[in-house]
Structure formats: structure tokens, C-alpha cells
Amino acid sequence: MKDNTLASLHDGTRLAVVVVTYNSADVIGGLLDSLPSGLAGLADTEIVIVDNKSRDASVDIAASHPVNVRVIQTGRNAGYAAAINAAAASIDDERHLLILNPDIRLQPGCARTLVSRLHDPSIGLVVPQLLHEDGSITHSLRREPSLITAWSDSLLGTSFAGRLGLGEIVKDERLYRAGGTVDWASGAALAISARTRKAVGAWDETFFLYSEEVDYMERVRRCGLKVAYEPAARAVHIGGEYHENVGLSALMTSNRIHYYGRHHGAAATFLFRLGIITGEVMRFGLGPGHRAALSAALRPYSEYRAALQR
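Within every chain, residues take consecutive numbers counted from 1 along the sequence as written. Under the rules for a predicted model, residues below a pLDDT of 70 receive no local features and side-chain atom pairs below 80 are neither given nor counted, while totals for whole chains, interfaces and linings still include all residues. Excluding hydrogens and water, the side-chain values take into account all heavy atoms of the structure.

Asks: Explain a nonpolar patch on the surface to me, using residue names and the numbers behind them.
Replies: Residues enter patches when they are more than 30% accessible in relative terms and free of salt bridges; like-charged ones are connected within 9 Å and nonpolar ones (Val, Leu, Ile, Met, Phe, Trp, Tyr) within 5 Å. Reported accessibility uses the Shrake-Rupley method at a 1.4 Å probe radius. Residues are deemed covered only where the shown protein chains occlude them. Think of a salt bridge as a Lys or Arg side-chain nitrogen and an Asp or Glu carboxyl oxygen that are within 4 Å of each other. A contiguous nonpolar surface patch, about 640 Å² in accessible area, is contributed by I148, L155, L156, F160, L164, L166 and M282. Strands here are runs of E lasting at least two residues and helices are runs of H or I lasting at least four, both read from the DSSP assignment and numbered beginning at the N terminus. The leading source of residues in the nonpolar patch is helix α6 (residues 147–156), at three residues. Along the chain, M282 falls in helix α13 (residues 266–282).

Asks: Outline the environment of P36, listing residues and values.
Replies: Here P36 shows up in helix α2 (residues 25–38). Buried residues are those whose accessible area, probed at 1.4 Å on protein chains only, stays under 20% of the maximum for their type, while exposed residues exceed 50% and partly exposed ones sit between those limits. Looking at P36, the relative accessible area reads 52%, which means it is exposed.

Asks: Provide a residue-level description of α13, including the pertinent values.
Replies: Given 3.6 residues per helical turn, the α-helix brings residues three or four places apart onto the same face. Given the number of residues in a helix, its expected span is that number minus one, multiplied by 1.5 Å. In a regular helix each residue adds 1.5 Å, so 17 residues correspond to 24 Å; α13 covers 24 Å between its end C-alpha atoms and thus fits that length. Here α13 has its buried residues at T269, F272, G275, I276, I277, G279 and E280. Any two residues whose heavy atoms approach within 4.5 Å at even a single point are treated as in contact. Tucked into the core, α13 has its buried residues touching α6, α12 (246–263) and α14 (288–298).

Asks: Outline the packing of α12 against α14, listing residues and values.
Replies: Axis angles are defined between N-to-C directions and span 0 to 180 degrees, where every axis is a line fitted to C-alpha atoms and, for a helix, only to the segment in contact. Where α12 meets α14, the axes come as close as 8 Å, and the angle between the chain directions of the two elements is 35°. Here α12 runs over α14; the crossing is right-handed. Contacts between α12 and α14 pair V246, S249, A250, T253, S254 and I257 from the former with P288, G289, A292, A293, A296 and A297 from the latter. Residue type decides the class: Asp, Glu, Lys and Arg count as charged, Ala, Val, Leu, Ile, Met, Phe, Trp, Tyr, Cys and Pro as nonpolar, and the leftover types, Gly among them, as polar. Partitioning the contact of α12 with α14 into residue classes produces eight nonpolar, four polar and no charged. Less than a right angle of anticlockwise turn of the near helix away from the far helix marks a crossing as left-handed, whereas a clockwise turn marks it as right-handed.

Asks: How would you sum up unusual backbone geometry? Please name residues and give values.
Replies: Most peptide bonds take the trans configuration, and most residues that are not glycine carry a negative phi. Positive phi is not limited to glycine here, since N68 has a value of about 70°. With respect to the helices and strands, N68 occurs in the loop between α3 (58–64) and β3 (70–73). Since its relative accessible area comes to 63%, N68 is described here as exposed.

Asks: Which residues make up the packing of α12 against α13, and what are the values?
Replies: It is the contact of α12 with α13, at a shortest axis distance of 9 Å, that shows an interaxial angle of 160°. Here α13 runs roughly antiparallel to α12, going by the angle between their axes. The chirality of how α12 crosses α13 is right-handed. Between α12 and α13, the residues in contact are T253, R256, I257, Y260 and G261 and A268, T269, F272, R273 and I276, respectively. Of the residues contributing to the contact of α12 with α13, the split by class is five nonpolar, three polar and two charged. Oblique is the label for every angle not falling under 35 degrees (roughly parallel), over 145 degrees (roughly antiparallel), or within 65 to 115 degrees (roughly perpendicular).

The structure is reproduced here in C-alpha cells:
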């Protein structure tokens, strides 16, 4: 018996794929290669690449690829949210969006399965099951940042805190198998309905990179819409650059505090920051990423933003 939801999809379903590149020449070709099968079953699609002034061959690879992409060049390293906004402004607001990192590889039918969930009026945004390159499931689902998650992750470690249901990373294997609703999830691959685009508005460009998806999904939920996780839609995520890049580790930490402070008072934000500092002090000797994160946690956000822009 056919799935009536999927069977009902036809050429009237309109989807735009948005990919932000920044020195992504090593990975963008693989993503574009995966799109024909990943978009199978959806006839009305367009692919938009937004390039943040790459210094490598990212634009040339995208522009010459046979999947036929439209390239937007921002002319600067504008940040992830700004690049998404540039793409969205050029796309008909009746189209759903599928936002992908350049190091994503869609598995066959992934986009069609995601779009099928967007026909549910209660769902505003849906994310797929992300897989490591070896085929194992990535723990890509998250809880809303809180004092409990910050201190649990710091004192117990993210892995143990997640298994206890206390940390920010969700490690409930039943949820990863069966699907459901979540607070937020990795922004490496996500589908947004046209009605959600209109309700939520633009992405917040003050985050530059990291935590912009946390902010956006919180705003989706605030509009009364659900963030859904769909394990039948699958994509491989290479990922992990922030582990080796101390600048990205620092930026992630700074934006975590910036996001929390936007939704909580000064006292709670101080305790949240202190939780992160405590964890990074405990792990100071484990590598330069932890030392960079500690430095970022100790600095005011405005000072760190100014340093980034120099």
C-alpha cells in the first residue's frame, strides 16, 4: 500500500535548496553529486549556492556542476545567517527551503521525505537523521540550553550527561530510531516550510556562525510550530571542523553564551557562563580547542565580535 502523503506530492511542491560555501572546494562537489538522487521525486526544485568570498575554487566547482546551480556571491565573509538571508531574499516565498552544509551528502529520497512532513500544518521545520561516514547515527538532536545542561555537560562530560538525559546533546536511542519532536537540532541539514518562512522571518545575523540555528528553531517553536526529527530521511554529514579549528571552537562558545543571555537575565547568564568556564578549566590540558573556548568564555561578547570583524 502506497504512503498517501508521499503519493500526494506532485510538481506543485516547490523546493529551493540553499547551500552556503566558504572555502568549501574539498566538499561542495560531493554534495552536488548527491542532489539528483537526494531530490528524486520532486520535480520543481532550484539550487542556490551562496558564497562568502571563498579563496578557493568553490564558486567554479559549483557553477560548472551539471546539476545547474544559481550562484550568489556576497563579496565578503558575511556569516552563515547572512548568507541564508541573501538566498531567501532571492527565492519565491512560496517555496520551501532545504538548507544544507556543503559537507552533507543526501541519501536517495531524503528531500522528498522531509518535504512530506512539512505538509503537516503543525510542523514548521524538519531535520533528517544524520549519519557519520561509517554509517553510524550522529547524535544531532539537542535540548534547549539551560543551567542544568551547561553544568551537567561541564561536570559530567557531554557523553555521560547526555546518557543521563541532563546534557544538551540528546542521546535517547529510541528517539533516533522512531523520530519525534525536539527543541533543536544540528543546522547541517534542515527543511523549512514556506509558511514558517513567513511566520519566523529572517535569520539573526548577529550570530555570524553557530547558534543561529538554535535561535531560529526557538523562534519556530515560539510561533506554535514544531521542530520535527524524521529518521526515514537520511544524510551523511562529514562535519567536525570546529574540533580542529581553535577559532571555530571559540566562536561556538561565545555564541552559546550570547544566545543564552538573550533569553535570560544577567544572574542566570553569569551562572551559565561560569558553568562553561568550569568545564573548560577542567579540560584545559586536553587541547588548544578547550583553551580557545575558555578564552572566549572569559571575554565579553562585544569584544569578541569586534575581534572577529578585524
